[in-house]
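Inside the fold
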Amino acid sequence: MKISQNKSFFMGNTPFQKQDMTVQDRIAQKKQLYQKKAMRVVTTANNAEKQVDKSIDDIKEKIKRLQTENEEANAFLNDYKQKMAQAKEYYNIADDSQEQKDLELMQKAYDIEAHGSMELLTEEEQERLANMGEMTEYQKLSMDLYKEADYWKTQLEDNNQIISGEAGAIRSIQIERLKTHGMVDAETAKEKILAAASDEIYAMLVDDAKEKMDEKAEEAKEAAEAREEKKEEEEERIEAAKENKKDTEEYVEDVQETASELTKQVVDNDQIMEDVNDQIKKIMMEEKLIEEDIKGLTVNVTT
């Protein structure tokens, strides 16, 4: 690529760049620009896909951590359930005993107070709870174990709710990914960009070919005009030569005519001179002048 000597030349930022560059250089530059644009589209889509993958991985990692917590919570919950069963067995409490029924009523009241359960106490249950009296040792131990177990039960429920939400988020992301076809669309866009580059490069080649054809046509036109001018000049020279020939012929004719007239005049003059001499002689004879007297006259006349 040709670069001007101006130190302030910047690629793609000079009004004289196209004049300094060959069509091959401009095509190479055009390809480079479109390839960068196409790669930018693909890279952007790829980065977006990587970001989505990272988000999914983060969610999966969170779900995995919550599942680990649930395993621990389940272990504690089962342990407390087992201890409550052991307490029931230790105190020899029957399932249909009033002490067991009162314990279950206290657990129900605790759930309503702690979690706002929809299962509210009836008037009969409220009256029984109010007149129950002091808790037995079994009931105190069981309620302590029940509250501890409720903590892990609540954690399990909260974690499962979060896990369900995060799993739903992953499904939504995957569904949107199927809808958008990010990388597929990016590849399609890249192909369209490169196709546009091919079209533009083809147009550049066509324009360059037309420009060269126009230049050759202009050169041919100028050459034809030059030949026509030369032909006209040649015709003018021929015409001038003809005119010169005509003038020369006329001049020769004039010269010949003048020479003829001069010749005639000479002949006439000779005749005149003969006539003069004859006249002089006649006078001499008439006047009987001596030859010496008229000699000078004769000479004077002839001169």
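The structure under discussion appears in the preceding block.
Residues numbered from 1 in each chain as written. Predicted model: local features only at pLDDT ≥ 70, side-chain atom pairs only at ≥ 80, totals over all residues. Heavy atoms only, no water.

The helix and strand tally for the protein chain stands at seven helices and zero strands. Secondary structure elements in the protein chain, listed N-terminal to C-terminal, are α-α-α-α-α-α-α. Burial status across the protein chain gives 20% buried among its 303 residues. Only carbon and sulfur atoms are counted for the fraction: they give 51% of the accessible area of the protein chain, which is about 23,300 Å². (Helix = DSSP H or I, 4+ residues; strand = E, 2+ residues; numbered from the N terminus. Buried < 20%, exposed > 50% of the residue type's maximum accessible area, 1.4 Å probe, protein only. Areas by Shrake-Rupley, 256 points an atom, 1.4 Å probe, with all protein chains shown as cover.)

In this model helix α2 (residues 23-90) runs 99 Å from its N-terminal to its C-terminal C-alpha over 68 residues, within 8% of the 100 Å that 1.5 Å per residue would give. Count one or two residues on from α2 and you reach Asn92, which has phi positive near 55°. (Expected span 1.5 Å × (residues − 1).)

We now examine the packing of aromatic side chains. A full pass over the atoms with the stated rule returns five aromatic pairs. Arranged with centres 5.0 Å apart and planes meeting at 90°, the rings of Tyr90 and Tyr91 form a pair that is edge-to-face. Both rings, one in Tyr91 and one in Tyr138, keep their centres 5.9 Å apart while their planes meet at 55°; by these two values the pair is tilted. One end of the pair, Tyr91, is in the loop between α2 and α3 (98-115); the other, Tyr138, is in helix α5 (residues 137-180), with 47 residues separating them in the sequence. Residue classification places Tyr91 among the partly exposed positions, given a relative accessible area of 30%. When its relative accessible area of 3% is taken as the criterion, Tyr138 is described as buried. Site record: aromatic cluster; members linked through ring pairs are Phe76, Tyr151 and Trp152. (Phe/Tyr/Trp six-rings, centres within 6.5 Å; stacked < 30°, edge-to-face > 60°.)

The backbone phi angle of Asn92 is positive, close to 55°, even though this residue is not glycine. By the secondary structure assignment, Asn92 is in the loop between α2 and α3. In this structure Asn92 comes out as exposed when scored by relative accessible area, which is 68%.

According to the stated counting rule, one finds eight salt bridges in the structure shown. Across the pair Arg177 and Asp53 runs a salt bridge whose closest N-O atoms are separated by 2.7 Å. Here the residue Arg177 occupies a position in helix α5, and Asp53 occupies one in helix α2, the gap between them amounting to 124 residues. A salt bridge links Asp102 to Arg128; its shortest N-O distance comes to 2.5 Å. With Asp102 in helix α3 and Arg128 in helix α4 (residues 123-130), the pair connects residues that are 26 residues apart, well separated along the chain. (Salt bridge = Lys/Arg side-chain N within 4 Å of Asp/Glu carboxyl O.)

In contact at an axis separation of 11 Å, α3 and α4 are set at 110° when each is read in the N-to-C sense. The pairing of α3 with α4 is recorded here as roughly perpendicular in orientation. Judged by residue contacts, Gln98, Asp102, Leu105, Met106, Lys108 and Ala109 of α3 engage Glu125, Arg128 and Leu129 from α4. (Axes fitted to C-alpha atoms, helices over the stretch in contact; angles between N-to-C directions. Parallel < 35°, antiparallel > 145°, perpendicular 65-115°, else oblique. Contact = heavy atoms within 4.5 Å.)

As a further point, take the nonpolar core. Judged by nonpolar contacts, Ala87, Ile93, Leu103, Leu105, Met106, Ala109, Ile112, Leu121, Met132, Tyr138 and Met143 together constitute the single largest core of 11 residues. Those elements that provide at least two residues to this core are α3 and α5. Take this core: its biggest share by element is five residues, from α3. Ala73, Leu77, Tyr80 and Leu145 belong to the second largest nonpolar core, which has nine residues in total. (Core = buried A, V, L, I, M, F, W, Y, C linked by side-chain atoms within 4.5 Å.)

A few words on the packing of α3 against α5. In helix packing, the relevant descriptors are the interaxial angle and the interaxial distance, both defined with respect to the helix axes. Look at α3 against α5: their axes get within 11 Å of each other, and the N-to-C directions meet at 35°. You can see that α3 and α5 cross each other, and the crossing is right-handed. Across from Glu99, Gln100, Asp102, Leu103, Met106, Gln107, Tyr110, Asp111 and His115 in α3, the residues of α5 making contact are Tyr138, Gln139, Ser142, Met143, Tyr146, Lys147, Asp150 and Thr154. By residue class, the composition of the contact of α3 with α5 is six nonpolar, six polar and five charged. (Left-handed = near helix turned anticlockwise from the far one by under 90°. Nonpolar A, V, L, I, M, F, W, Y, C, P; charged D, E, K, R; others polar.)

Our focus in this paragraph is the side chain of Lys108. Residue position: Lys108 is located in helix α3. You can call Lys108 buried: its relative accessible area is 16%. Those residues within four positions of Lys108 in sequence are excluded, and the remaining contacts are Glu119, Leu120, Leu121 and Glu125.

On to the side chain of Ser142. Structurally, the position occupied by Ser142 is in helix α5. For Ser142, the contacting residues outside a window of four places in its chain are Met84, Ala87 and Leu103.

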